Amino acid sequence: MALDAELRAAIMRSVDEGFDEQIAYTRKLVSFASQRGEEFTIQDFLYHDYEARGFKMDRFEMDEAALTAHEGGAPFSDTHSRAPIVVGIHHPREEKGRSLILQHHTDVVPVGPLDMWEHDPYGGEIVGDRMYGRGAGDMKAGAAANVFALEALRRIGLQPAATVYLQSVVEEESTGNGALQTFLRGYTAEAALIPEPEDNMLNRANAGVLWFEVEVRGIPVHVREMGEGANAIDAAYRVIGALREIEARWNAEKAEHRGFEDMDHPINMNIGIIQGGDWGSSVPAWCKFQVRVSIYPGQKAQEKLKEIKDHVANFSRGDRFLAQNPARVTQNGFNAEGYYLEPGSDAENTLATAHEAAFGEKLKSFTTPAYLDARVYALYNGIPTLCYGPISRNIHGFDEYVSLESVRSVTKAMALFVAEWCGTEPV
């Protein structure tokens with residue numbers, strides 16, 4: 001049943017009344033340097049915060065065996081986070097509405113050289129409409145919005161009339177295993193809402209992602225006899241060239257994949273880390289590089305990884321040195337399939353109504369070639385999953401920031417969505 005105009009207005013006023021507190025809360029979250037493996041303190045903070053707000057609490061570790069056995073699970077490594085997953089659970093007095101998962105991740109990517117930042121990466125500095133900081137957009141503003149959308153209802157004496165699971169996960173930036181663990185734990189609902197920074201739009205489709213490492217061995221000699229050795233770094237460049245052929249081929253297939261047809265370059269292959277050699281005057285004996293590549297929805301990650309391995313092996317057979325010293329390809333992270341959100345679900349229609357009330361304009365959708373935890377809920381929970389959130393810029397870059405007015409309006413839309421989707425009852 002649609003919200004009446006008076007309740008809609010009261011909910012949006014309540015978001016405004018609590019917005020200063022929401023900004024302060026977001027700055028607190030940004031202050032945690034929660035890079036991969038260092039999310040313990042922010043997860044502990046959120047556990048105690050949710051508990052104080054009246055949620056029933058669940059905190060659990062990731063199950064390596066179960067995750068790696070699942071088709072969407074990624075391999076563990078020495079750098080895999082061991083921080084816990086935190087879930088706050090709201091149960092109504094009477095279950096009258098539809099259940100909901102509100103999800104966010106707290107892990108952030110490294111900041112890089114500090115002298116290339118104008119603003120403190122963990123300061124949450126505010127300049128005009130912008131809050132700066134690593135994770136301000138991706139996605140600590142969304143984490144705060146999950147809390148304050150519910151607080152907006154509580155402030156006017158209401159709470160959801162359905163079960164709501166507030167999930168705070170890690171490993172979104174590296175494997176997606178945190179979100180998958182919530183599924184393996186048994187959590188599900190009738191819809192999920194994830195406020196990633198999506199420019200006030202709904203994400204319609206996203207790419208799957210693979211991470212892998214390539215290692216090439218060479219033959220070291222002094223550079224004066226360079227021609228008698230084999231330079232592993234030079235050989236690695238040749239392998240990278242072969243991988244670019246895969247990237248070009250997959251991009252040429254975009255017309256076959258719904259949601260990606262009109263994108264200029266939907267498949268992005270990034271050489272993210274390269275290391276090699278031991279001495280500037282020695283022909284390098286080794287080179288390793290790490291790769292991230294996207295795949296289309298509906299494609300299985302392991303099948304695409306095999307395609308990559310086969311292509312590298314075929315290339316190596318035609319290379320005089322690599323034929324005797326083949327490159328080794330090892331998966332070291334994401335093993336994720338993408339998804340496509342079918343239009344027309346009740347959840348999407350409910351969000352569209354809420355968005356129009358908050359923004360005064362119709363909800364738009366788009367496709368992203370990035371990874372999103374939404375894939376877990378869409379593919380494995382099998383529920384409508386709404387990835388929708390505020391305007392942010394420079395995510396994963398220097399001076400990342402989020403638009404506060406965008407956050408305000410998105411939080412209004414989220415609170416309206418919760419009220420209509422779940423229904424309401426007195427606190």
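Provided above is the structure to which this section pertains.
The next point concerns the overall build of the protein chain. In terms of helices and strands, the protein chain carries eleven helices and 19 strands. For the protein chain, whose C-alpha radius of gyration is 23 Å, the value lies close to the compact-globule estimate of 22 Å for 427 residues. With respect to the three principal axes, the spread of C-alpha positions in the protein chain is 80 × 45 × 40 Å. Across the 427 residues that make up the protein chain, the buried fraction comes to 56%. Long-range pairs, those at least 24 residues apart, make up 84% of the contacts in the protein chain with a sequence separation of at least 6. Carbon and sulfur atoms form 49% of the exposed surface of the protein chain, whose accessible area is close to 17,600 Å².

Where charged atoms of side chains with opposite charge meet at close range, the side chains can pair. Counted by the stated rule, this structure contains 24 salt bridges. Across the pair Arg408 and Asp16 runs a salt bridge, and its minimum N-O distance is 2.9 Å. Taken together, the residues span a long stretch of sequence, with Arg408 in helix H11 (residues 404–422) and Asp16 in helix H1 (residues 5–17) at a distance of 392 residues. Accessibility expressed as a relative area gives 33% for Asp16, which makes it partly exposed. Two residues, Arg204 and Glu348, come together in a salt bridge whose shortest N-O distance is 2.7 Å. Highlighted residues: Arg204 in strand E9 (residues 202–206) and Glu348 in helix H9 (residues 346–359), separated in sequence by 144 residues. Judged by its relative accessible area of 10%, Arg204 is buried. By sharing partners, the salt bridges in this structure join Asp16, Glu405, Arg408 and Lys412 into a single network.

Turning to the state of the cysteines, a few remarks are in order. Counted according to the given criterion, the structure contains zero disulfides. Not engaged in a disulfide, the cysteine Cys387 finds its nearest cysteine sulfur in Cys422; these two sulfurs lie 18 Å apart. Residue class for Cys387 comes out buried when judged on its relative accessible area of 0%.

A word on the nonpolar core. Residues Leu100 and Phe417 are the most contacted members of the largest nonpolar core, which totals 76 residues. The residues touching Leu100, leaving out its near neighbours within four places in the chain, are Thr163, Val164, Tyr165, Ala189, Ala191, Ala192, Leu193, Phe417, Val418, Trp421 and Cys422. Formed by 33 residues, the second largest nonpolar core is a distinct cluster that contains Ala236, Phe260, Cys287 and Val291.

Moving on to the packing of aromatic side chains. To describe a pair of aromatic rings, one takes the distance between the centres and the angle between the planes. Evaluation of the coordinates by the stated rule reveals 13 aromatic pairs. On the numbers, 6.0 Å between centres and 50° between planes, the contact of Tyr25 with Phe45 is tilted. Of the two residues, Tyr25 sits in helix H2 (residues 19–30) while Phe45 sits in helix H3 (residues 40–52), which places them 20 residues apart along the sequence. The exposure class of Tyr25 is buried, given its relative accessible area of 7%. Look at Phe45 and you get partly exposed, because its relative accessible area is 24%. Pairwise contacts between aromatic rings join Tyr25, Phe32, Phe45 and Phe148 into one cluster. If you follow Arg59 out to its NZ or CZ, it ends over the ring of Tyr47, 3.8 Å from the centre.

Here Glu247 is to be found in helix H7 (residues 232–251). By relative accessible area, which is 9% here, Glu247 ends up buried. Within polar-contact distance, the side chain of Glu247 engages the backbone nitrogen of Met269 at 3.0 Å. Excluding residues within four positions of it along the chain, Glu247 makes contact with His265, Ile267, Asn268 and Met269.

Our focus in this paragraph is the sheet that holds strand E17 (residues 392–393). Sheet architecture is open: four strands sit in the order E4-E5-E18-E17, paired in antiparallel fashion. The outermost strands of the open sheet, each flanked by one partner alone, are strand E4 (126–127) and E17. Two strands pair when backbone bridges link them, and E17 and strand E18 (residues 401–403) are joined in this way by two bridges, in the antiparallel orientation. By the bridge assignment, Ser392 is partnered in E18 with Val402.

Time to look at the packing of H1 against helix H5 (residues 136–155). The contact between H1 and H5 brings their axes to 8 Å, and the two run at 115°. The orientation of H1 with respect to H5, classified from their angle, is roughly perpendicular. Crossing of H1 against H5: the hand is right-handed. Contacts between H1 and H5 involve Ile11, Ser14, Val15 and Glu17 from the first element and Ala152, Leu153 and Arg155 from the second. Among the residues making up the contact of H1 with H5, the classes are represented as four nonpolar, one polar and two charged.

Here the focus is the pairing of strand E12 (residues 286–295). Buried residues dominate E12, accounting for seven of its ten residues. Here strand E10 (residues 208–217) pairs with E12 via ten bridges, running antiparallel. Bridge pairing in E12 places Val209 opposite Ser294. Note that strand E11 (residues 269–276) and E12 share seven bridges and pair antiparallel. When the bridges of E12 are listed, Ile273 appears paired with Gln290.

Conventions we followed
Residues numbered from 1 in each chain as written. Predicted model: local features only at pLDDT ≥ 70, side-chain atom pairs only at ≥ 80, totals over all residues. Heavy atoms only, no water. Helix = DSSP H or I, 4+ residues; strand = E, 2+ residues; numbered from the N terminus. Rg over C-alpha atoms; globule rule 2.2 N^0.38 Å. Buried < 20%, exposed > 50% of the residue type's maximum accessible area, 1.4 Å probe, protein only. Contact = heavy atoms within 4.5 Å. Areas by Shrake-Rupley, 256 points an atom, 1.4 Å probe, with all protein chains shown as cover. Salt bridge = Lys/Arg side-chain N within 4 Å of Asp/Glu carboxyl O. Disulfide = S-S within 2.5 Å. Core = buried A, V, L, I, M, F, W, Y, C linked by side-chain atoms within 4.5 Å. Phe/Tyr/Trp six-rings, centres within 6.5 Å; stacked < 30°, edge-to-face > 60°. Lys NZ or Arg CZ within 6 Å of the ring centre and 35° of its normal. Polar contact = N/O pair within 3.5 Å; in protein donor to acceptor, adjacent residues only side chain to side chain. Pairing = 2+ DSSP bridges. Axes fitted to C-alpha atoms, helices over the stretch in contact; angles between N-to-C directions. Parallel < 35°, antiparallel > 145°, perpendicular 65-115°, else oblique. Left-handed = near helix turned anticlockwise from the far one by under 90°. Nonpolar A, V, L, I, M, F, W, Y, C, P; charged D, E, K, R; others polar.

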